[in-house]
Amino acid sequence: MSISHAPPGSPETDIPETSHPDAAEPTAPGPVPDLDLDLEPIVPSSSRRTHVPRWLRRTTGPVLLLALWQLLSSTGVLTADVLASPGRIAQVAGDLISDGSLTSAMTTSLQRVAGGLLLGALIGTGLALVSGLFRIGEDIVDAPVQMLRTVPFVGLIPLFIIWFGIGEAPKIAIITLGVTFPLYLNVYAGIRGVDAQLIEAGESLGLSRWGLVRHVILPGALPGAMTGLRYSLGISWLALVFAEQVNADSGIGFLMVQARDFLRTDVIVVCLIVYAFLGLLADFVVRSLERLLLQWRPTFTGR
């Protein structure tokens, strides 16, 4: 083999080609066979998915549960003494509505919840503002609140009866106590969870202390406050159940006590459904309020 060395920068270099004895001669590419493949266009899975309205998906679970309940009642697995059938409960609910007893009981219970919720919201939010905005307020307020919230509010019923008698006052006091602590904890956590960089940015823009509280701290604590309000509403209905079973002569709890004495499981279930419906309605109101007040906050809504 001879290699001629070309000077650097030469456009050509005389390098002879070498071939292997076993190398095959290159062949021209042949025609590509016509493959008749019935291929469907690729469609994203999201476009193939059947769109089902969300309200229909959310009602599927309760409807299936109701169908199972009716099936067990029809086959005799659930007797009327243990749990009345959905048909019987619907009939009893119609009777209670027609004679006005259920409507009157709902009105009384709503008034009690509204009074207790208003007082509990004022007390819990006020204590959270004092404890969250001022260090001296935290030193004075937070420790007693943390001690009191560990005491079961149901255990204070006898004491409330001694203090306030057997009228409406102890019932509203029980609801107020149950509402106060969830709101306090969530509002306090929301205030202390505000980003410190936002505080520094507000100070650099010349905001006063009240301006920081109004434009930075309170809007930052609002999501926590709404969460506390939703939780407090659930606690308020739970407290109402206990409050209306103590020397009550009206309300949904009073109907449940009467039904218990006469072993009327159908009336008891009607009252429980009313409690659940009112709780769901209250939660819907708070969700609507969240969408109105927290439009500035982007959230993940699920996939």
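This is a predicted model, so every value here is computed, not measured.

*Asks:* How should I be thinking about the packing of aromatic side chains in this particular structure?
*Replies:* Two aromatic rings, taken as a pair, are described by how far apart their centres are and by the angle between their planes. Considering all chains together, one arrives at four aromatic pairs under this definition. Ring centres of Phe160 and Trp163 lie 6.0 Å apart, and the angle between their planes is 45 degrees; this geometry places the pair in the tilted category. Here Phe160 and its partner Trp163 are both found in helix H6 (residues 157–164), three residues apart, which amounts to about one turn of the helix. Accessibility expressed as a relative area gives 54% for Trp163, which makes it exposed. Ring plane angle 10 degrees and centroid distance 5.9 Å describe the contact between Tyr184 and Tyr188, whose orientation is recorded as stacked. Placement of the pair is Tyr184 and Tyr188 together in helix H7 (residues 168–192), with a separation of four residues, close to one helical turn. Its relative accessible area of 0% is what places Tyr184 among the buried residues. The class for Tyr188 is buried, based on a relative accessible area of 16%. A connected cluster of aromatic rings, assembled from ring pairs, spans Phe160, Trp163 and Phe164.

*Asks:* Is there a simple way to explain empty space enclosed by the protein in this structure?
*Replies:* Any empty space left between atoms is shown by rolling a water-sized probe over those atoms. According to the stated counting rule, one finds one cavity of 30 Å³ or more in the structure shown. Taken as a whole, the largest cavity holds about 50 Å³ of empty space. Of all elements in the fold, only H6 and H7 reach the threshold of two or more residues within the lining of the largest cavity. For the lining of the largest cavity, the element with the highest residue contribution is H7, accounting for three residues. Considering only residue class, the lining of the largest cavity consists of seven nonpolar, two polar and one charged.

*Asks:* What is the right way to read the side chain of Thr108 from this model?
*Replies:* Relative to the helices and strands, Thr108 is located in helix H4 (residues 101–133). A distance of 3.0 Å separates a polar atom in the side chain of Thr108 from the backbone oxygen of Ser104. Leave out the neighbours within four places in its chain, and Thr108 touches Ser250 and Gly251.

*Asks:* Any chance you could explain the pattern of salt bridges here in plain terms?
*Replies:* Working definition: two side chains of opposite charge can pair if their charged atoms are close together. Evaluated as defined, the whole model comprises eight salt bridges. Residue Asp283 is joined to Arg230 by a salt bridge in which the shortest nitrogen-to-oxygen separation is 3.0 Å. Of the two residues, Asp283 is situated in helix H11 (residues 265–293) and Arg230 in helix H9 (residues 209–243); the sequence distance between them amounts to 53 residues. Here Arg230 falls in the partly exposed class, since its relative accessible area comes to 29%. For Asp283, the salt bridge identified is with Arg287, shortest N-O distance 3.0 Å.

*Asks:* Can you help me understand the environment of Leu102 in this one?
*Replies:* Within the element layout of this structure, Leu102 appears in helix H4. Taking the C-alpha atoms as reference, Leu102 lies 9.1 Å from Val274; in sequence the two are 172 residues apart. Those residues in contact with Leu102, other than ones at most four positions away along the chain, are Ala93, Leu96, Ile97, Leu255, Val270 and Val274.

*Asks:* Just to check I follow, could you spell out the environment of Gly165 for this structure?
*Replies:* Residue placement: Gly165 occurs in the loop between H6 and H7. Under the relative-accessibility criterion, Gly165 is labelled partly exposed at 27%. If we ignore the near neighbours within four places in the chain, the residues touching Gly165 are Phe160 and Pro170.

*Asks:* Teacher, can you tell me more about the nonpolar core here?
*Replies:* In this structure, Ile174, Trp237, Ile252 and Val270 are the most contacted members of the largest nonpolar core, which totals 56 residues. Taken together, the elements giving at least two residues each to this core come down to helix H3 (86–98), H4, helix H5 (135–149), H6, H7, H9, helix H10 (252–261) and H11. With 14 residues, the single largest contributor to this core is H9.

*Asks:* What should I look at first to understand the packing of H10 against H11 in this one?
*Replies:* Relative orientation of the contacting elements H10 and H11 amounts to 160 degrees, with a least axis distance of 8 Å. In terms of orientation, H10 and H11 fall into the roughly antiparallel class. Pair H10 / H11 crosses with left-handed handedness. Across the interface between the two elements, Ile252, Gly253, Leu255, Met256, Ala259 and Arg260 from H10 touch Val267, Ile268, Cys271, Leu272, Val274, Tyr275 and Leu278 from H11. Class assignment for the residues of the contact of H10 with H11 results in 11 nonpolar, one polar and one charged.

About the thresholds
- Residues numbered from 1 in each chain as written.
- Predicted model: local features only at pLDDT ≥ 70, side-chain atom pairs only at ≥ 80, totals over all residues.
- Heavy atoms only, no water.
- Phe/Tyr/Trp six-rings, centres within 6.5 Å; stacked < 30°, edge-to-face > 60°.
- Helix = DSSP H or I, 4+ residues; strand = E, 2+ residues; numbered from the N terminus.
- Buried < 20%, exposed > 50% of the residue type's maximum accessible area, 1.4 Å probe, protein only.
- 1 Å grid on protein atoms, 1.4 Å probe; cavity = no way out; pocket = protein on both sides within 12 Å on 5 of 7 lines; lining within 4 Å.
- Points joined across faces, edges and corners; volume = space filled by probe spheres on them.
- Nonpolar A, V, L, I, M, F, W, Y, C, P; charged D, E, K, R; others polar.
- Polar contact = N/O pair within 3.5 Å; in protein donor to acceptor, adjacent residues only side chain to side chain.
- Contact = heavy atoms within 4.5 Å.
- Salt bridge = Lys/Arg side-chain N within 4 Å of Asp/Glu carboxyl O.
- Core = buried A, V, L, I, M, F, W, Y, C linked by side-chain atoms within 4.5 Å.
- Axes fitted to C-alpha atoms, helices over the stretch in contact; angles between N-to-C directions.
- Parallel < 35°, antiparallel > 145°, perpendicular 65-115°, else oblique.
- Left-handed = near helix turned anticlockwise from the far one by under 90°.

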